[in-house]
2 protein chains.
Amino acid sequence: MDADRIPPHPDVRTITLQQVLDALVDPVRRSIVTQLRDAPADLRCGGFDLPVSTSTATHHFRVLREAGLIRQYYVGASRMNTLRSDEVDEVFPGLLDAVVAADRASSRGGAPV
Amino acid sequence: MDADRIPPHPDVRTITLQQVLDALVDPVRRSIVTQLRDAPADLRCGGFDLPVSTSTATHHFRVLREAGLIRQYYVGASRMNTLRSDEVDEVFPGLLDAVVAADRASSRGGAPV
DNA sequence: CCAGAACTACGATGGCTGTCAAACTTTGAT
DNA sequence: ATCAAAGTTTGACAGCCATCGTAGTTCTGG
């Protein structure tokens, strides 16, 4: 079954701030989160625009999953990704929103000379 | 003069999200921020309860200052610290609040079994 | 003027982690 | 059956950073 290939996801109650921040401090992972937030639907791993090799990308997806920020599931040979926005927001209200908004602010005109 | 001993502070416009997150990802530095938030007045460096040596603490204060999160000034031989909450909130609205609140939630009962 | 307090500056070190290439597994299409 | 596509896993490596001890600087109090 596909389920056997699905890696374990932490329960929302076991998510720690340290893990979440460790996950969000990396710009590549933050880019994954914002792309996921902007996307109209779930994205497969290969559907992201990332400046690293696929093996490195796999590593980043794992960190995000183990931090409880994304949920992954298989569709055929593709691994799909969803943001666990609501669950994260239950535990750390406003955190994800603030970081994503800040990331957009930094990406857009905000960046200094 | 005292002013000569005051290290440089970044303008609020040059603060980057990467620096802020790099600063907040360390638990010691996050503890400094929350202690500062809870304190009724500015605190001198030695007034914090930190699990590291003074030289390491100095390092953490410098990271926080260079990230634009705190402002430092001398009073006699003591270096005082203030949170630049309002300024940071202008650039990254809600971010500092969310992190501090999340930190408190993690510190209190939030910790899993 | 001197001793102590309060920090800072400077190496040095150890561990963590982001990165990649290569090999492997599973799925889907021909 | 075969082959390509999609990701993972493993192992190796380089760079960063939190930490400390020691030495140095500036202020305060006798």
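Just so we're clear, the structure is a prediction, and the values are computed from it rather than from any experiment.

Reading the values: rules and limits
- Residues numbered from 1 in each chain as written.
- Chains lettered and ligands numbered in written order.
- Predicted model: local features only at pLDDT ≥ 70, side-chain atom pairs only at ≥ 80, totals over all residues.
- Heavy atoms only, no water.
- Near = heavy atom within 4 Å.
- Polar contact = N/O pair within 3.5 Å; in protein donor to acceptor, adjacent residues only side chain to side chain.
- Helix = DSSP H or I, 4+ residues; strand = E, 2+ residues; numbered from the N terminus.
- Nonpolar A, V, L, I, M, F, W, Y, C, P; charged D, E, K, R; others polar.
- Pairing = 2+ DSSP bridges.
- Contact = heavy atoms within 4.5 Å.
- Axes fitted to C-alpha atoms, helices over the stretch in contact; angles between N-to-C directions.
- Least-squares fit on C-alpha atoms with pLDDT ≥ 70 in both.
- Salt bridge = Lys/Arg side-chain N within 4 Å of Asp/Glu carboxyl O.
- Buried < 20%, exposed > 50% of the residue type's maximum accessible area, 1.4 Å probe, protein only.

## Side note on the protein's contact with DNA strand C
Moving on, step 1. Around DNA strand C sit 22 residues in total, of which A:S53, A:H60, B:G46, B:T58 and B:R79 are the nearest.
Moving on, step 2. Backbone atoms, meaning sugar plus phosphate, form 75% of the atoms of DNA strand C positioned within 4 Å of the protein.
Moving on, step 3. One of the side-chain nitrogen or oxygen atoms of A:H59 is found 3.1 Å away from a phosphate oxygen of DNA strand C.
Moving on, step 4. Of all the secondary structure elements, the ones that give two or more residues to the surface near DNA strand C are α3 (54-66) of chain A together with α3 (54-66) and β3 (78-83) of chain B.
Moving on, step 5. Take the surface near DNA strand C: its biggest share by element is four residues, from α3(A).
Moving on, step 6. Here the residues of the surface near DNA strand C are counted per class, giving five nonpolar, eleven polar and six charged.

## Observations regarding the sheet that holds β3(B)
All names here are of chain B.
Moving on, step 1. If you trace the three strands from one edge of the open sheet to the other, you get β1-β3-β2, paired in antiparallel fashion. At either margin of the open sheet sits one strand with a lone partner, and together these are β1 (43-44) and β2 (70-75).
Moving on, step 2. Of the strand pairs in this sheet, β2 and β3 are connected by six bridges, and their pairing is antiparallel. Within β3, the residue paired with V75 across the bridge is S78.
Moving on, step 3. Across the sheet, helix α2 (residues 27-38) lies against β1, β2 and β3, angled at about 85° from β3, the strand it touches most.
Moving on, step 4. α3 contacts β2 and β3 of the sheet and is inclined by roughly 120° relative to β2.

## With respect to the relation of the copies chain A and chain B
Moving on, step 1. When chain A is brought onto chain B, the operation consists of a screw motion whose angular component is 180° and whose axial shift is 0.0 Å, with 0.0 Å RMSD remaining. One copy is carried onto the other by what is essentially a two-fold rotation axis.
Moving on, step 2. With an isologous cut-off of 70% or more, the 95% of interface residues of chain A that recur at the interface of chain B puts this contact in the isologous class.

## Let's talk about the pattern of salt bridges
When the charged atoms of two side chains lie near each other, side chains of opposite charge can form a pair.
Residue and element names in this part refer to chain A.
Moving on, step 1. The tally for this structure, following the rule as stated, stands at twelve salt bridges over all chains.
Moving on, step 2. Among the ionic pairs, D97 bridges to R37, the shortest N-O distance being 2.8 Å. You can see D97 sitting in helix α5 (residues 95-110) and its partner R37 sitting in helix α2 (residues 27-38), a full 60 residues away along the chain.
Moving on, step 3. The shortest N-O distance in the salt bridge between E87 and R84 comes to 2.9 Å.
Moving on, step 4. The buried category is assigned to R84, whose relative accessible area is 3%.
Moving on, step 5. Taken together, the shared-partner salt bridges in this structure form one network comprising R71, R84 and E87.

## Thoughts on the protein's contact with DNA strand D
Moving on, step 1. Neighbouring DNA strand D are 23 residues, the closest being A:T58, A:R79, B:S53, B:H59 and B:H60.
Moving on, step 2. Each atom of DNA strand D within 4 Å of the protein belongs either to a base or to sugar and phosphate, the latter forming 75%.
Moving on, step 3. In the environment of DNA strand D, a phosphate oxygen lies 2.3 Å from a nitrogen or oxygen atom belonging to the side chain of A:T58.
Moving on, step 4. One of the side-chain N or O atoms of B:H59 is found 2.8 Å from a phosphate oxygen in DNA strand D.
Moving on, step 5. Among the elements of the structure, α3 and β3 (78-83) of chain A together with α2 and α3 of chain B are those that each provide at least two residues to the surface near DNA strand D.
Moving on, step 6. Sort the elements by how many residues they give to the surface near DNA strand D and α3(B) lands first, with four residues.
Moving on, step 7. Among the residues making up the surface near DNA strand D, the classes are represented as six nonpolar, eleven polar and six charged.

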